[in-house]
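The primary structure of each chain is shown beneath.
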Amino acid sequence: MYLLEKNNNHLSPEYRFGFYVNAERKRLWHAELLMYEKFNKICNKYNLNHFLIGGSAIGAVRHKGFIPWDDDLDIGMLRKDFNKFLEVVKSETSFNYEIQYGFLPNNQFSSFLRIRDKSTTGIIKDEVDRNINHGIFIEIYPFDNVCSIKWVRKLQLKVSAKLLNILTDRFYQVTCSKIDRVLISIFKILSANRLWKLWNWNCQLFGKFNTKFVDTVALPVYAFKGIHLYYKKDLIQTQKVDFEYTNAYVAKGNDRCLKIHFGDYMQLPPVDQRGAHHQAIIFYDTQLPYTEYMDKIIVQKFFEGDVSLRDI
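Residues numbered from 1 in each chain as written. Predicted model: local features only at pLDDT ≥ 70, side-chain atom pairs only at ≥ 80, totals over all residues. Heavy atoms only, no water.

Visitor: Which residues make up the overall build of the chain, and what values go with them?
Guide: Scanning the chain for helices and strands turns up nine helices and 13 strands. The globule rule puts the C-alpha radius of gyration for 312 residues at 20 Å, and the 20 Å found for the chain is close to it. With respect to the three principal axes, the spread of C-alpha positions in the chain is 55 × 45 × 45 Å. Taken across its 312 residues, the chain has 55% of its residues classed as buried. Taking contacts inside the chain between residues at least 6 apart in sequence as the whole, the part at least 24 apart equals 65%. (Helix = DSSP H or I, 4+ residues; strand = E, 2+ residues; numbered from the N terminus. Rg over C-alpha atoms; globule rule 2.2 N^0.38 Å. Buried < 20%, exposed > 50% of the residue type's maximum accessible area, 1.4 Å probe, protein only. Contact = heavy atoms within 4.5 Å.)

Given below as structure tokens:
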């Protein structure tokens with residue numbers, strides 16, 4: 001699947017399904033696929049399975065690449081493979097991208113994994129004030145074993161959400177209920193590291209059991225919606241598919257997963273809804289590093305809705 005880093009053959013603007021894909025969006029896709037290629041190379045080396053999820057998985061089967069109006073790349077991994085990747089990537093000196101997961105420099109925190117390219121810009125609106133690498137990114141979500149009993153599963157998600165809220169408050173002041181504020185005060189007796197271990201233990205609570213289902217317990221905001229509650233057997237094996245001018249991996253049970261998440265995922269959205277994804281939420285520049293934009297008025301104007309600045 002290996003790309004040429006200076007490959008410009010696939011950057012020409014074009015219309016796809018009535019949507020204009022400009023050169024900047026093509027460059028964004030290319031930057032994300034370069035990160036995916038390096039990630040995939042490590043996974044192949046250590047026999048780690050991964051699979052596209054969400055809109056990326058729809059794109060793979062419906063468009064044989066990105067959904068034309070999509071701008072990101074989302075990947076899932078079963079927890080065992082996710083943990084192994086975290087372990088082995090540290091020794092891969094040729095991996096020249098930054099991993100963002102868990103405790104980050106400058107009192108930052110992330111409950112899921114991003115791989116970021118510091119030579120580019122991908123500033124997220126809610127993170128604009130954070131002192132982190134704001135480069136273009138791909139996201140990787142761990143899928144944990146969960147109980148088949150609904151109330152047990154719901155309780156695990158509630159604990160995950162509460163602990164995550166408490167932990168996040170250590171790094172950023174969060175808006176929460178009075179009950180959560182009381183819990184935050186009580187849990188001040190625990191260090192951030194102990195809270196992380198407790199939260200991580202809860203996410204992997206059923207890791208040693210042969211469960212029927214998996215879910216993104218580490219991202220309860222999605223798990224509560226039921227969109228990532230997948231049959232584990234659907235994710236254990238993956239298959240290579242065409243994706244743009246390269247290839248990618250989807251789960252063997254991708255069809256059932258997408259139906260759980262989206263229903264009739266082969267149905268195109270109405271024309272007026274195409275291109276709304278991430279509009280005015282992420283400021284991209286594929287050719288300049290994010291450091292060129294910090295404290296710049298152009299980013300503020302973009303997030304305020306200046307449509308003249310939307311090149312993606």
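Visitor: Describe the packing of helix α1 (residues 23-45) against helix α3 (residues 79-89), with residues and values.
Guide: α3 packs onto α1 with a crossing angle of 100° between their chain directions and a minimal axis gap of 11 Å. Considering the angle they form, α1 stands roughly perpendicular to α3. Contacts from F39, I42 and C43 in α1 reach F85, V88 and V89 in α3. Here the residues of the contact of α1 with α3 sort into six nonpolar, no polar and no charged. (Axes fitted to C-alpha atoms, helices over the stretch in contact; angles between N-to-C directions. Parallel < 35°, antiparallel > 145°, perpendicular 65-115°, else oblique. Nonpolar A, V, L, I, M, F, W, Y, C, P; charged D, E, K, R; others polar.)

Visitor: Before we move on, could you go through the side chain of D117 and cite the residues and values that matter?
Guide: If you trace the backbone, D117 turns up in strand β6 (residues 108-117). No salt bridge forms around the buried D117; measuring N to O, its nearest opposite-charge neighbour K118 is 8.1 Å away. Here the side chain of D117 touches S119 through a polar contact of 2.7 Å, side chain to side chain. Residues contacting D117, with those up to four places away along its chain left out, are M35, Y97, N133, G135 and I136. (Lys, Arg positive; Asp, Glu negative; His and termini not counted. Salt bridge = Lys/Arg side-chain N within 4 Å of Asp/Glu carboxyl O. Polar contact = N/O pair within 3.5 Å; in protein donor to acceptor, adjacent residues only side chain to side chain.)

Visitor: Account for the pattern of salt bridges, naming residues and giving values.
Guide: The full count for this structure, using the stated rule, is 13 salt bridges. The partner of E127 in a salt bridge is R130, and the shortest N-O contact between them spans 3.8 Å. A relative accessible area of 11% means that E127 is categorised as buried. When salt bridges that share partners are traced, they join R114, R116, E127, R130 and E139 into one network.

Visitor: Which residues make up the packing of aromatic side chains, and what values do they have?
Guide: A ring pair, where both rings are aromatic, is described by two values, the distance of the centres and the angle of the planes. Considering all chains together, one arrives at 19 aromatic pairs under this definition. Taking the centre distance of 5.1 Å and the plane angle of 50° together, the rings of Y15 and Y20 count as tilted. Given the relative accessible area of 43%, Y20 is considered partly exposed. On the numbers, 5.2 Å between centres and 45° between planes, the contact of W196 with W199 is tilted. In this pair, W196 and W199 are both assigned in helix α6 (residues 192-203), three residues apart and thus about one turn of the helix distant. Grouping residues by exposure puts W196 and W199 together as buried. Here the aromatic residues F82, Y101, W196 and W199 are joined through ring pairs into a cluster of three or more. (Phe/Tyr/Trp six-rings, centres within 6.5 Å; stacked < 30°, edge-to-face > 60°.)

Function cannot be inferred from these measures alone, as they are strictly geometric.
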